[in-house]
Amino acid sequence: MKDKKKLTTASGIPYAKNEDSMTVGPRGPVLLQDVVLHEKMAHFNRERIPERVVHAKGTGAFGTFRVTRNITKYTRAKLFGKVGNECPVFVRFSTVGGEKGSADTERDPRGFAMKFYTEDGNWDLVGNNTPVFFIKDPKKFGDFIHTQKRNPKTNLKDPNMFWDFFSLNPETMHQVMILFSDRGTPYSYRYMNGFGSHTFSMINDKNERVWVKFHVKTKQSIKNFTGPEADEMRGKNPDWAQEDLVKAIEAGDFPRWTFNIQVMTEEKAKKFRWNPFDLTKVWPQGEFPLIEAGELELNKIPENYFRDVEQAAFAPAHVADGIGYSFDKMLQGRLLSYPDAHRHRLGPNYEQIPVNRPLNKVHNYQRDGFMRVDDNSGDKPNYYPNSFDNIEADQKYKEPPMELDSNIADWYDRNQNDDDHFTQPGDLFRKVMTKKEQDNTINNIVNHMSGIEGEKRDEIINRQLNHFHKTDKELASRVAKGLNFDFKPE
Ligand code: NDP
């Protein structure tokens, strides 16, 4: 046919045979000079890039963020400058511990990573579906994740490693309670909330700072699988959540979330009864009410999964002017580790990949490196300062100084509540969960802890039950009963 496109090599050379190798005679051998064969095999061998160490299994969608309320008294971020402002977004959802082929309904936190393409650069809110995390110091992160992965000898998931770590780190209790509630197995990504989780800051046009937390609340309502339902779906359709998102969006049923902030002044932070920068704790909503600021809608499935989802690179380090970091130790650890992971997976120029590219023009003096695929800034100067290019570091982006004085250090030393790992999970169990949710949580814990075995079994169970006991006495006694364990609190 006249108008058909021609099949070519990667260098654009049209060729004649795509299915038969070049041979000596019809039965072979194959000739070394069949470069099309080499190219096809060699490229196929290199199709995989390193799997993400965490959050490997995921799905994503493009959409729109719209500002619905005025929060300019807290932030000078251009995005929030006017009610009605909009920007494109990309969101990637994921499980955390499983490999790329693992099931979507595993009991695990869910990643909820958002990229806002603002006129002032990309703002990444790299959240989860829970407001807290298992640990509060980044030095523990690698150890913790190892316990959620496979045993180095058996290559099996290992309840001993899992509960050994939790029982030796009582700060995990809050997240453990959320994980073992039915929110640990969301029905699908559309039916869960997202949280920035860390404490961040906002800075207004008077250069004043407040501390903020971000809450992204589902408009579809919360819907979860029970433990047995999630187990069943794991076998029936391991890609359930991916399919649910794709089908909904393709059918025009666009999922939406409201976007909210909690605000704490610097003064209040000094007096707050817990460390406001501790990732294992929340700010009670009665004291720090949610302030609605916007709406997020997802409305387009990427046309190519690898291009946009597998190569998406989020980093908490990416904040647009008017939004800033905080003392949260886990956040500070992530500022380093995310871009580091992307440079390893995708290379130093990962921000040139279309899904990671900002809308605005990039001006800097970074040059060259693997896979530099933009114009590499052409003939412009590659050093600063220079007399030619008229690029400046603008002082208007300066943030107010963060006060660090001896009072703050004293206050940390004095505050016993910083090691209170039990009040908030206890509140969750007693005040927030319904009777049914309590029952399901206990069943889920008992089922999982039943897998602990070996010579350290009793020691691990006893230590963990003591943490449950400090959280809620009934919780501990019911878990002990479910495990048929003779528990005597210390
Ligand atoms: P509130 O009664 O004001 O809020 C309770 C919150 O708990 C709601 O946001 C609700 O989310 C959420 N929730 C309900 N069931 C579960 C569950 N099984 N797992 C996780 N979250 C759940 O209470 P407080 O703000 O005083 O907090 C009390 C406890 O609630 C906290 O100790 C914490 O464990 C939990 N929580 C608190 C949050 C916060 O930011 N303050 C956020 C999420 C949980 P929804 O409205 O979507 O149903």
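Everything discussed here concerns the structure shown above.
Residues numbered from 1 in each chain as written. Predicted model: local features only at pLDDT ≥ 70, side-chain atom pairs only at ≥ 80, totals over all residues. Heavy atoms only, no water.

Novice: Just checking my understanding: could you explain the packing of aromatic side chains for this structure?
Specialist: The geometry of an aromatic ring pair is captured by two quantities: the separation of the ring centres and the angle between the planes. Overall, the coordinates contain 41 aromatic pairs when judged by the stated rule. Taking the centre distance of 5.6 Å and the plane angle of 55 degrees together, the rings of Trp283 and Phe288 count as tilted. On the basis of relative accessible area, Trp283 is assigned to the buried category, the value being 2%. Here Phe288 falls in the buried class, since its relative accessible area comes to 4%. Following the ring pairs from residue to residue traces out a cluster consisting of Phe133, Phe134, Phe141, Phe144, Phe162, Trp163, Phe165, Phe166, Phe180 and Phe468. Its end group placed over the ring of Phe314, Lys115 keeps NZ or CZ at 5.2 Å from the ring centre. The ring of Tyr187 carries Lys223 above its face, with NZ or CZ at 4.1 Å from the centroid. (Phe/Tyr/Trp six-rings, centres within 6.5 Å; stacked < 30°, edge-to-face > 60°. Buried < 20%, exposed > 50% of the residue type's maximum accessible area, 1.4 Å probe, protein only. Lys NZ or Arg CZ within 6 Å of the ring centre and 35° of its normal.)

Novice: It is not clear to me how the site of the ligand should be interpreted in this structure. Could you clarify?
Specialist: In the vicinity of the ligand lie 17 residues, with His174, Arg183, Asn193, Lys217 and Gln285 positioned nearest. Here a nitrogen atom of the ligand sits 3.2 Å away from a polar atom, N or O, in the side chain of Ser181. Note that an oxygen atom of the ligand is positioned 2.8 Å from one of the side-chain N or O atoms of Asn193. Contact with the protein chains removes 76% of the 790 Å² of surface that the ligand exposes when unbound. (Near = heavy atom within 4 Å. Polar contact = N/O pair within 3.5 Å; in protein donor to acceptor, adjacent residues only side chain to side chain. Areas by Shrake-Rupley, 256 points an atom, 1.4 Å probe, with all protein chains shown as cover.)

Novice: Before we go on, may I ask you to explain the nonpolar core in this structure?
Specialist: Here is a general trend for soluble globular proteins: nonpolar side chains tend to be buried in one another's company. Ranked by size, the top nonpolar core spans 40 residues in total, and within it Trp163, Met177, Ile445, Met449, Phe468 and Val479 carry the most contacts. Elements with a minimum of two residues in this core: helix H2 (141-148), helix H3 (159-168), helix H4 (173-180), helix H11 (423-432), helix H12 (435-449), helix H13 (457-471) and helix H14 (473-483). Sort the elements by how many residues they give to this core and H4 lands first, with six residues. Apart from the residues lying within four places of it in its own chain, the contact partners of Val479 are Ile442, Ile445, Val446, Met449, Leu465 and Phe468. One finds Val89, Val216, Ala320 and Ile323 within the second-largest nonpolar core, a separate group that totals 39 residues. (Core = buried A, V, L, I, M, F, W, Y, C linked by side-chain atoms within 4.5 Å. Helix = DSSP H or I, 4+ residues; strand = E, 2+ residues; numbered from the N terminus. Contact = heavy atoms within 4.5 Å.)

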